[in-house]
Amino acid sequence: MRVATWNINSLKARLERVLAWLASADADVVCLQELKCATADVPVEAFKTAGYDVAAWGTGRWNGVAILSRVGLADVREGIAGQPDFDGQAEPRALTATCGGVRVQTLYIPNGRDTADAHFPYKLAFLQALAADAASDAAADLPFAAMGDYNICPTDDDIWDVDEWTGTTHITPAEREALDAVKAAGLADVFPRALKYDRPFTFWDYRNLDFPKNRGMRIDLALANPAFTAAVTDAFVDRNERKGKGASDHAPLVIDLDL
DNA sequence: ATGCCGAAGTTACTTCGA
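Residues numbered from 1 in each chain as written. Chains lettered and ligands numbered in written order. Predicted model: local features only at pLDDT ≥ 70, side-chain atom pairs only at ≥ 80, totals over all residues. Heavy atoms only, no water.

Visitor: Looking at this structure, how should I read the sheet that holds strand S9 (residues 188-189)?
Guide: Remark on secondary structure: sheet strands pair via backbone hydrogen bonds, oriented parallel or antiparallel. In space, the six strands of this open sheet follow the order S5-S6-S7-S8-S12-S9, with mixed pairing throughout. The sheet terminates laterally at strand S5 (74-78) and S9, the two strands that pair on one side only. In this sheet, strand S7 (residues 102-108) lies alongside strand S6 (residues 94-99) in antiparallel orientation, the contact comprising six bridges. Across the sheet, residue Ala97 finds its bridge partner in S7, namely Val104. Packed onto the sheet, helix H3 (residues 119-139) meets S5, S7 and strand S8 (144-149) and runs at close to 175° relative to S7. (Pairing = 2+ DSSP bridges. Helix = DSSP H or I, 4+ residues; strand = E, 2+ residues; numbered from the N terminus. Contact = heavy atoms within 4.5 Å. Axes fitted to C-alpha atoms, helices over the stretch in contact; angles between N-to-C directions.)

Visitor: Help me out: how do you make sense of the layout of surface pockets in this one?
Guide: Rolling a probe over the atoms, with the probe sized like a water molecule, indicates the empty space that remains. When its volume is computed, the largest pocket comes out at roughly 630 Å³. For the largest pocket, the lining is made up of 26 residues, of which Glu34, Tyr108, Asn111, Arg113 and Asn151 are closest to its centre. In terms of residue class, the lining of the largest pocket is made up of eight nonpolar, eight polar and 10 charged. (1 Å grid on protein atoms, 1.4 Å probe; cavity = no way out; pocket = protein on both sides within 12 Å on 5 of 7 lines; lining within 4 Å. Points joined across faces, edges and corners; volume = space filled by probe spheres on them. Nonpolar A, V, L, I, M, F, W, Y, C, P; charged D, E, K, R; others polar.)

Visitor: Would you mind showing me how to read the pairing of S7 here?
Guide: On any regular strand, side chains alternate: one points to one face of the sheet, the next to the other face. When you tally the buried positions in S7, you get seven out of seven residues, the bulk of the element. Here S7 shows two buried faces, one formed by Val102, Val104, Thr106 and Tyr108 and the other by Arg103, Gln105 and Leu107. Counted along the chain from S6 to the antiparallel partner S7, the turn is two residues long, and its residue Gly100 has a positive phi close to 55°. You can see the chain leave S7, run along H3 and come back into S8, and the turn it takes is right-handed. (Buried < 20%, exposed > 50% of the residue type's maximum accessible area, 1.4 Å probe, protein only. Right-handed = clockwise from strand over helix to strand, strands pointing away.)

Visitor: Explain helix H1 (residues 11-25) here, please?
Guide: For the α-helix, the turn length of 3.6 residues means that residues three or four positions removed from each other point alike. With 15 residues, H1 extends only 18 Å from end C-alpha to end C-alpha; this falls clearly short of the ideal 21 Å at 1.5 Å per step. At Arg17, H1 shows its strongest bend, of approximately 35°. Among the residues making up H1, those that are buried are Leu11, Arg14, Leu15, Arg17, Val18, Trp21, Leu22 and Ala25. If you follow the buried residues of H1, they end up packed against strand S1 (2-7), strand S2 (29-33), helix H2 (44-49), strand S4 (65-69) and strand S14 (253-257). For H1, the N-terminal capping position is held by Ser10, with its side-chain oxygen 3.4 Å away from the main-chain nitrogen of Lys12. Trailing H1 by a residue or two, Asp26 shows a phi angle of about 60°, which is positive. (Expected span 1.5 Å × (residues − 1). Bend = angle between axes of the 7 residues up to and from the residue. Polar contact = N/O pair within 3.5 Å; in protein donor to acceptor, adjacent residues only side chain to side chain.)

Visitor: Explain the sheet that holds S4 to me, please; I cannot follow it from the model alone.
Guide: Across the sheet, which stays open at both edges, the six strands sit in the order S3-S4-S2-S1-S14-S13 with mixed pairing between neighbours. Every other strand in the sheet has two partners, leaving strand S3 (53-57) and strand S13 (232-237) as the edge strands with one partner each. Strand after strand, the sheet turns through a mean of 10° between neighbouring axes, direction not considered. Here S2 runs beside S4; their pairing, made up of five bridges, is antiparallel. Residue pairing across strands places Cys31 opposite Ile67, the latter belonging to S4.

Visitor: I tried to follow the packing of aromatic side chains on my own but got confused; where do I start?
Guide: The geometry of an aromatic ring pair is captured by two quantities: the separation of the ring centres and the angle between the planes. In this structure the tally under the stated criterion is four aromatic pairs. Judged by centre distance (6.5 Å) and plane angle (90°), the rings of Tyr122 and Phe126 are edge-to-face. Residue Tyr122 and its partner Phe126 are both found in helix H3; the two are separated by four residues, about one turn of the helix. The pair Tyr122 / Phe126 is uniform in exposure class, with both members buried. Every member of this aromatic cluster is reached through a ring pair, and the members are Phe86, Tyr122 and Phe126. (Phe/Tyr/Trp six-rings, centres within 6.5 Å; stacked < 30°, edge-to-face > 60°.)

Visitor: Please clarify how the protein's contact with DNA strand B should be interpreted in this entry.
Guide: By nearness alone, 30 residues border DNA strand B, and Ser10, Asn111, Arg113, His170 and Lys196 come closest of all. Backbone atoms, meaning sugar and phosphate, form 61% of the atoms of DNA strand B found within 4 Å of the protein. At a separation of 2.9 Å, a base nitrogen of DNA strand B approaches a polar side-chain atom of Arg61. Per-element accounting of the surface near DNA strand B gives the leading share, three residues, to H1. Its residues assigned to classes, the surface near DNA strand B comprises 12 nonpolar, nine polar and nine charged. (Near = heavy atom within 4 Å.)

Visitor: Please explain the nonpolar core as it appears in this structure.
Guide: Generally speaking, a soluble globular protein has its nonpolar side chains buried in company with each other. In terms of nonpolar packing, the biggest core is built from 30 residues, with Val3, Ile67, Val104, Met147, Phe228, Ile255 and Leu257 touching the most fellow members. Every residue in contact with Met147, bar those within four places of it in the chain, is listed here: Val3, Ala4, Thr5, Cys31, Gln33, Val104, Gln105, Thr106, Leu107, Leu221, Ala222 and Ile255. (Core = buried A, V, L, I, M, F, W, Y, C linked by side-chain atoms within 4.5 Å.)

Spelled out as C-alpha cells, the structure:
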C-alpha cells in the first residue's frame, strides 16, 4: 500500500495538478491539507472518476483537509477531542478515517504566525490536544499515522539555515516540545529519503528563488504507531511535484507499506 | 533550467502563509 500527505495550497487552484499527480503517483490513500474551499465545493466527482472516494472538511477561504482513498473509506471523524477554537470557531484542521486496514489522519497544524501572536498559543494548544487524542490510536493494533503539515521543523537540520530564522515560529523550543509530546503518545517520525540533495525538505517558499536554491524546510510529517512503522518499506519526498508553473509550495510525502 | 510569491475575497487592496 502507498499512502501520501500533501499540502496543496488551494484545491481549486491545484485541481489539475492534483489529478495529474494522482494519475502517476500510484497512491492508495492521500491526505490533503489547505483545501481553501468549503466541503460543498470539493469536486467529489472528479476524484471519483480518478478512482478515489473522498472525505473532506472545509469552511471556505482558509484551512480545509481531506482524505482520498481507493481502498475504502470508513469511520470518518472530523476534528480531534478537545480541539481548541480560534476566533470562536473549530477550524477544519483534522480528519481521520480507516482506509484498507490503515487508520490515517490528515492534519493541518496552525501556523502560529508570530511567537507574540494569539495564533502561537493556539498552535501549542492544538498540539497538546492532539497528543492526548492520539494516545488510543497510537496504542492500537491497527496501523495508524497522523500525517500532514505540522508547521514545525523537528530539528535544526530540518531547515535550510536555522540562523536565518532566529526568533521565529517553526523552530522554537516550545513548538518542538509540543511535537515531542505528540510523539510521546506512541508515535514515531517516518523519516523520508530525499530525491535530491542531502535533506528531505517538504516546503519551499514561493519567494526569493527558495526552491531553486533549496532553501526549504521539513515540516510535513508522518507520525506513526508501531504497527504502521513496522510495515514501512520506503518513504520519500516527491520534490519533482514542486517544479513548474502552478505548483503548490509543498511537495508530497510518500510512504510505502508492506500491507 | 527547478527561476525572483500565490491564493482568495472583493474589486485595488488586504489577509494569510512559513
